[in-house]
Amino acid sequence: MFLKSLEMFGFKSFADKVRIVFEPGITVIVGPNGCGKSNTMDGVRWVLGEKQARSIRGEKMEDVIFSGTEQRKPVSLAEISITLDNSSRLLDIASDSVTVSRRVFRDGESEYYINKSQVRLKEIETLFLDTGIGKSAYSVMEQGKIDLILSNKPEDRRFLFEEAAGISRFKFQKKESLKKLNDTESNLERINDIIKEIERERDLKAKQAEKLNTYLSLKEGIKDNDIKLHIHKYILLSKKKIKLQSGIERLRQERESISAKVSLISAENERDEKLKNDIQLQLFELDKELHTYRIKVEDIINKTEKNYRLIKEQHNRRDSIKKKTDERIKNLYRLREERGETENAGRELANRLKTDNCKLDELLGIQKLKLDSIQKSRNNIEENKGRIESEELGLKGLRDNLEEVIKRLIDAIEKRKAELMLSEVKRQEVRGRINDRLNNIDSKIQDALINLPAGRVEVALEDLSHIDIESLKVDILKFERYEDGFRSILFDKTGIHAKKEDLDRNIRDKMSLIDNLRSEIDALELYIQREQNELENVNRGISRLEKELSINENEKNWIEKHLKSLDMQIIDIEKQIENFMDDISQSENIAEKLAGEIKEWESLLFEFNKKSESLKKNMHENTAKREEINIVTQKRADAYRRDIEYQKQVVEKISEREKNLIEIDFRIKSIEEYLWTEYEKKTSDLPEPSDIEKTDYDHFQATIQELKKRVQELGPINNLAVEEYNNLKERFNYYQGQKEDIEKARDGILSVIRDLVDTSVQMIEQTFEEIRKNFTIVFKQLFEGGDATIELTDRSNILESGIDIMARPPGKRLKNINLLSGGERALTAIALLFATYMVRPSPFYFLDEIDAPLDEENIGRFIKLLKKFAKRTQFIIITHNKKTISIGESIYGVTMEEPGVSRIISMKMDKIAKDAV
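Going along each chain's sequence as written, the residues are numbered from 1 onward. Under the rules for a predicted model, residues below a pLDDT of 70 receive no local features and side-chain atom pairs below 80 are neither given nor counted, while totals for whole chains, interfaces and linings still include all residues. To obtain the side-chain values, all non-hydrogen atoms of the structure were included, while hydrogens and water were left out.

1. Notes on the overall build of the protein chain
Link 1 in the chain: Working definition: helices are DSSP H or I runs of at least four residues, strands are E runs of at least two. Numbering for both runs from the N terminus. Looking only at helices and strands, the protein chain has 16 helices and 15 strands in total.
Link 2 in the chain: Contacts were defined at the residue level, with two residues in contact if any of their heavy atoms lie within 4.5 Å. Counting only contacts in the protein chain whose residues sit at least 6 apart along the sequence, the fraction spanning at least 24 positions is 75%.
Link 3 in the chain: The accessible surface values rely on the Shrake-Rupley method and a 1.4 Å probe; as for residues, cover is taken only from the protein chains in view. Carbon and sulfur atoms make up 50% of the accessible area of the protein chain, which amounts to about 55,600 Å² in all.

Here is the structure:
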């Protein structure tokens, strides 16, 4: 099983969709600081179910969504998918390939998928239990988890051992079991409360049921007396009904007699009322016509006054418009003058912009030349530094060789000295003889030189003949042989000393070359400083020009907008002047028309007043006729009112008796309905009326009140008490059974928890011992010696115990990890991490810059160990280290060419990057 691919969209700095394909072996992810390469590891942890935003360097979960840049808008969601090879069926899914996806929206809602089917987070966490894969597992290891391994708290290191022991599933099951146990205890407590409450309710309902029986007996007595009481009422009401019906019939006959008399008077009054109505109608029509003329007169007066007012308003409007027109003409002259001035300013500004752009192009050209020159000098410096590094490496080799040659030279001299000490006496004897022979030769030559000028040639020759040259040569050769031991060492061209001199000369040459290169670097740096100073002046000039250009461009845009604004204002004012002239003409025309209407209305007013006087005269005559009719009808109306009043009294008596009859019928009906509704009894089915009439009405009433009093004394009655009592008995028995079932379930859960704890302890103990052995082995491999071990801080409580790390690098005493140096601590943590991998390997490992604290020597050991483990599992490594990058079988580069947006470099770029390393 291995990680096949990682797809990201909208996650942190990965705005666009990217896909990274992983192969078995070692994959390296590289890139400069801040490019977003660690976001790939955050993405893996996030898709595996990380719920804490701070664990993936955020404040809230929405922070993982790409928030946009100056050039890009934010996206609405983030989505990541990882695909794993599952041919080994490590994951409990019947598929050779498993894809796990997570999606989050800006409202904080998350969605999870397994093979494109939506699932819950819990299902993803369960899927990866005890596989070594997970948001908190050691398969994803960054500097933060290394810090946990190196923590002062031994408890912080426990996560490694728990994951390696494979007890995550047991911990999960224990957690679930404890939750079930807690729920079971709560349920048991709740059922006990329910049982107590049911017992209390059951006893209460027993008392209520007894009271209900007494109540029902009393209610039966009330019912019997109540029926007899209502029958008594029924008999009395029936007799009263018959008497009322007889009185109503007599009153109806008297009402008919009065109605005939009233009808006659009504006919005469109707005739006179018709005549009066005709006169009133004529008066109404006359008044209506008069009112019409009155309205017309008032309308003419109002319209005339209105026209005079409107004429004045039109004259005022005309004068106001003339004043506005004069103002607009002045504004028009001013705007045209301002436009000319603005056009001149625009031409001058355009010339300045052209000049400044030329200057800016010139400075940009100088800037490019300076930058190229500085870059070239920096390249030369880097090249010289490379040469110095190479020469210093060669110098180190020469010095190492020189040290070896000097050691050999000293050994040769010491050896020669030991050999020559034995022959030093003979060497001194030979040296003495040589000196004696030379002194003897010198004496004889001096004697010969004295004798030859004196003519004593034979004596001189005799002296010279005694000189022993051969013996002197023999002694000199002997003496030279004694010196050859050191001469061969010191002066032989192929001797050790010659080699030393060659090395000294080469060292001096290299040192001189290094000094020359450093001098050249100093000169280049001085040149770069001068160029940078000049470049700063150029940059300041560019900034000043760009600022001026920006200001001038803004001013140019303002001038262009202002000219357009002025043109629009000029057009608008010209249009206003034209409209004002039209308005003046229109006002004068309206005033003339209004004056003509006033003349027409004055002639109509005279005619309307004449007609109004004629109408008033006709109305006066008709009013007199109407008053005569009123006097006659008034006398007849008095007699009519008296008859109507008496008729009304008769009708009221009939109405009153009919109401009483209706009331009695209603009360009889109510009694019948009451008896049927309350007791389902009909009057025909009840006892004989004669028997009930013999009993006093008050007797029934008193009996009912006495029985009701006894019912009232019983207090509130629960009519369902018997039924509720039986139900409570059933509920009590049911909950007793439930309680027994829950107690059995609780015992079962406790047994499961004990088994889980025992199993976990065994697995932790076994795993701890295996990791301890592996840790010792791996530590010695990484440190090339030394010793290390781990200890439990509390063996009595293994599941909660912390882990102490004791380490002894080569040449040091055994000490706690907190007393080691930074590099030793990091290497120790890596040793423990790989010792854990040996116990329970994960299908893949994601390592984020865990090699950062290591020096060059330790990096080499780390790489060696990494290669060994990579034969069995997959590694994805985020790193800056060149040596670590060099072992990558595939390399991905993360760049941020567009500010704020990360992308993965192409495969072609990957190969180039790897060759460069």
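This is not the end of the story, as more comes after the structure.
2. Focus on the sheet that holds strand β13 (residues 874–878)
What holds strands together in a sheet is hydrogen bonding between their backbones, with the strands either parallel or antiparallel.
Link 1 in the chain: Read from one edge of the open sheet, six strands run β8-β12-β13-β3-β14-β15, paired in mixed fashion. Either end of the sheet is taken by a strand with one partner, and the two such strands are β8 (140–142) and β15 (901–904). When the angles between neighbouring strand axes are averaged without regard to direction, this sheet yields 20°.
Link 2 in the chain: As paired elements, strand β12 (residues 844–848) and β13 share five bridges and run parallel to each other. By the bridge assignment, phenylalanine 846 is partnered in β13 with isoleucine 876.
Link 3 in the chain: Lines are fitted to the C-alpha atoms to define the axes, a helix being fitted only along its stretch in contact, and any angle between axes, read from their N-to-C directions, falls within 0 to 180 degrees. Of the strands in this sheet, β3 (26–30), β8, β12 and β13 touch helix α1 (residues 38–47), which is tilted by about 140° from β8. DSSP bridges decide pairing: two strands pair if at least two such bridges lie between them.

3. Observations regarding the packing of aromatic side chains
Link 1 in the chain: Each pair of aromatic rings taken from Phe, Tyr and Trp, with Trp reduced to its six-membered ring, is defined by centres within 6.5 Å and is described as stacked if the planes are under 30 degrees apart, edge-to-face if over 60, and tilted in the remaining cases. Enumeration over the complete set of coordinates arrives at seven aromatic pairs.
Link 2 in the chain: A centroid spacing of 4.8 Å and a plane angle of 70° characterise the contact between phenylalanine 834 and phenylalanine 869, whose relative ring orientation is edge-to-face. Note that phenylalanine 834 is positioned in helix α13 (residues 822–839) and phenylalanine 869 in helix α14 (residues 856–870), a separation of 35 residues in sequence. Of the two residues, phenylalanine 834 and phenylalanine 869, neither departs from the other in class, the shared state being buried.
Link 3 in the chain: Ring centres 6.1 Å apart and planes at 20° place the aromatic pair phenylalanine 834 and phenylalanine 875 in the stacked group. Of this pair, phenylalanine 834 sits in helix α13 while phenylalanine 875 sits in strand β13, and the two are 41 residues apart along the sequence.
Link 4 in the chain: Partly exposed describes any residue whose relative accessible area lies between the buried limit of under 20% and the exposed limit of over 50%, with all areas from a 1.4 Å probe on protein chains only and scaled to the type maximum. Residue class for phenylalanine 875 comes out buried when judged on its relative accessible area of 0%.
Link 5 in the chain: Ring pairing ties together the aromatic residues Phe834, Tyr845, Phe862, Phe869 and Phe875, which thus form one cluster.
Link 6 in the chain: Between arginine 872 and the ring centre of phenylalanine 869, over which it is positioned, the NZ or CZ distance is 5.0 Å. Two conditions define a charge located above a ring, namely a distance within 6 Å from the ring centre to NZ of Lys or CZ of Arg, and an angle within 35 degrees of the ring normal.

4. A look at α1
Link 1 in the chain: Summarising burial for α1: 10 of the 10 residues are buried, a large majority.
Link 2 in the chain: Three or more residues of α1 are buried, namely Ser38, Asn39, Thr40, Met41, Asp42, Gly43, Val44, Arg45, Trp46 and Val47.
Link 3 in the chain: Looking one or two residues past α1, glycine 49 carries a phi angle of roughly 115°, positive in sign.

5. Things to note about the pattern of salt bridges
Link 1 in the chain: One side-chain nitrogen of Lys or Arg within 4 Å of one carboxyl oxygen of Asp or Glu is enough to make a salt bridge. Going through the model one piece at a time under the given rule, you end up with 31 salt bridges.
Link 2 in the chain: Measuring nitrogen to oxygen at the nearest pair gives 3.6 Å for the salt bridge that ties glutamate 791 to arginine 772. Of this pair, glutamate 791 sits in strand β9 (residues 787–792) while arginine 772 sits in helix α12 (residues 721–783), and the two are 19 residues apart along the sequence.
Link 3 in the chain: Using a relative accessible area of 33% as the deciding quantity, one classes glutamate 791 as partly exposed.
Link 4 in the chain: Among the residues examined, arginine 772 registers a relative accessible area of 18% and is labelled buried.

6. Things to note about the pairing of β13
Link 1 in the chain: For β13, a buried count of five out of five residues is recorded, marking the element as mostly surrounded by other parts of the structure.
Link 2 in the chain: Because side chains alternate across β13, one face comprises the buried residues Gln874, Ile876 and Ile878, and the other comprises Phe875 and Ile877, equally buried.
Link 3 in the chain: Bridging between β3 and β13 involves four bridges; their strand directions are parallel. From the neighbouring strand, isoleucine 26 faces β13, where its bridge partner is phenylalanine 875.

7. Focus: the pairing of β3
Link 1 in the chain: Within β3, five of the five residues are buried, leaving the element largely enclosed by the surrounding structure.
Link 2 in the chain: Side chains of β3 alternate between two faces, with Ile26, Val28 and Val30 and Thr27 and Ile29 buried alike.
Link 3 in the chain: Taken together, the four bridges between β3 and strand β14 (residues 890–898) define a ladder with parallel strand orientation. Directly across from valine 28, in β14, lies its bridge partner isoleucine 891.

8. What to know about α13
Link 1 in the chain: The span expected for a helix works out to 1.5 Å for each residue beyond the first. Here α13 is 18 residues long and its end C-alpha atoms lie 26 Å apart, about the 26 Å a rise of 1.5 Å per residue gives.
Link 2 in the chain: α13 sits mainly inside the fold: 15 of its 18 residues count as buried.

9. Points about the sheet that holds strand β6 (residues 110–114)
Link 1 in the chain: A sheet is described by the order of its strands in space; here six strands give the open sequence β2-β1-β4-β5-β6-β7, paired in antiparallel fashion. Sheet topology places β2 (18–21) and β7 (117–119) at the edges, where each strand pairs with a single neighbour. Neighbour-to-neighbour, the strand axes of the sheet open up by a mean angle of 20°, direction not taken into account.
Link 2 in the chain: As paired elements, strand β1 (residues 3–9) and strand β4 (residues 77–85) share six bridges and run antiparallel to each other. By the bridge assignment, methionine 8 is partnered in β4 with isoleucine 80.
Link 3 in the chain: Running at roughly 95° to strand β5 (residues 97–105), α1 makes contact with β1, β2, β4 and β5 of the sheet.

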